[in-house]
Amino acid sequence: MTTLHSVSVAGAVVRADGRLLAIKRADNGTWELPGGVLDLAETPQDGARREVFEETGIHVDVHELTGVYKNVSRGVVALVFRCQPTGGVERTSDESAAVDWLTPAEVAERMNEVYAVRLLDALDQTGPHVRSHDGEHLVQVR
């Protein structure tokens, strides 16, 4: 049996003051980092750049891969890249009900652990990190 996976990309956008860009999703009200499904014809870096801008209005330079995260329940593999903001103005979109720059402590308070860890991993220079989760909690894979 062949199992298909979906690939998503996200930007862990870190401002000079250490704050991290986050969105409150319009569909379910959860706080996450900006990202989404990678288009077939685009590179992961281009996808991350596009998703961040579409959801937040912020332009970014995409830097290194900081983590690979697999939702074992849904078959979604997410690639997260550290990004630096280069311009634009924060705005909401059809996908984002709010856009905010959060401290690491606020990330841990507002976000589900499977999304918070993606932003916090981006601050850790020892990555890229590889983690799996079930949609709500990190899981150990043997």
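For the structure, check the block above.
Residues numbered from 1 in each chain as written. Predicted model: local features only at pLDDT ≥ 70, side-chain atom pairs only at ≥ 80, totals over all residues. Heavy atoms only, no water.

Just to check I follow, could you spell out the overall build of the chain for this structure?
Across its full length, the chain holds 3 helices and 9 strands. Reading the helices (α) and strands (β) of the chain from amino to carboxyl end gives β-β-β-β-α-β-β-β-α-α-β-β. In summary, the chain has a C-alpha radius of gyration of 14 Å against a globular reference of 14 Å for 142 residues, a match within 12%. In terms of overall dimensions, the chain has C-alpha extents of about 45 × 35 × 30 Å along its principal axes. Going through the 142 residues of the chain one by one, you find that 41% of them count as buried. (Helix = DSSP H or I, 4+ residues; strand = E, 2+ residues; numbered from the N terminus. Rg over C-alpha atoms; globule rule 2.2 N^0.38 Å. Buried < 20%, exposed > 50% of the residue type's maximum accessible area, 1.4 Å probe, protein only.)

When you look at the sheet that holds strand β7 (residues 96–102) in this model, what are you seeing that I'm missing?
Hydrogen bonds along the backbone pair up the strands of a sheet, which may run parallel or antiparallel. Read from one edge of the open sheet, 3 strands run β3-β2-β7, paired in antiparallel fashion. The two strands at the open ends of the sheet, each matched to only one other strand, are β3 (31–32) and β7. Two elements, strand β2 (residues 20–25) and β7, share 6 bridges in a ladder whose sense is antiparallel. If you follow Arg 25 over to β7, its bridge partner there is Ser 96. (Pairing = 2+ DSSP bridges.)

What am I meant to see in helix α1 (residues 44–56) here?
Each α-helix turn comprises 3.6 residues. Residues three or four places apart therefore point the same way. Here α1 contains 13 residues, and its C-alpha end-to-end distance of 18 Å stays within 8% of the 18 Å for a straight helix at 1.5 Å per residue. Burial in α1 covers these residues: Gly 47, Ala 48, Glu 51, Val 52, Glu 55 and Thr 56. Looking straight down α1, one finds its buried side chains confined to an arc of 130 degrees; they lie on one side. Buried residues in α1 make contact with β1 (6–13), β2, β4 (35–37), β5 (58–71), β6 (76–88) and β7. (Expected span 1.5 Å × (residues − 1). Arc of directions from axis to C-beta. Contact = heavy atoms within 4.5 Å.)

What should I look at first to understand unusual backbone geometry in this one?
Both trends apply: most residues other than glycine have a negative phi, and most peptide bonds are in trans. The peptide bond linking Gly 127 to Pro 128 adopts the cis configuration, its omega dihedral lying at 10 degrees. Along the chain, Pro 128 falls in the loop between α3 (113–123) and β8 (129–133).

What should I look at first to understand the pattern of salt bridges in this one?
Tallying each qualifying case throughout the model produces 12 salt bridges. The partner of Arg 50 in a salt bridge is Glu 42, and the shortest N-O contact between them spans 2.6 Å. Salt bridges sharing partners connect three or more residues here, namely Asp 39, Glu 42, Arg 50, Glu 51 and Glu 54. (Salt bridge = Lys/Arg side-chain N within 4 Å of Asp/Glu carboxyl O.)

Before we go on, may I ask you to explain the packing of aromatic side chains in this structure?
Centre-to-centre distance and the angle between the planes together describe a pair of aromatic rings. Overall, the coordinates contain 0 aromatic pairs when judged by the stated rule. Here the basic side chain of Arg 91 rests over the ring of Phe 53, its NZ or CZ set 5.1 Å away from the ring centre. When the ring centre of Trp 31 is taken as origin, the NZ or CZ atom of Arg 110, which lies over that ring, is 5.0 Å away. (Phe/Tyr/Trp six-rings, centres within 6.5 Å; stacked < 30°, edge-to-face > 60°. Lys NZ or Arg CZ within 6 Å of the ring centre and 35° of its normal.)

Please clarify how the nonpolar core should be interpreted in this entry.
If you look at soluble globular proteins, the nonpolar side chains tend to sit buried side by side. Core analysis: the biggest nonpolar cluster contains 17 residues, and Ala 12, Leu 33, Val 80, Val 107, Met 111 and Leu 119 have the highest contact counts within it. In terms of residue count, α3 provides more of this core than any other element does, 4 residues in total. By size, the runner-up hydrophobic cluster in this structure holds 16 residues, among which are Val 9, Leu 21, Leu 38 and Ile 58. (Core = buried A, V, L, I, M, F, W, Y, C linked by side-chain atoms within 4.5 Å.)

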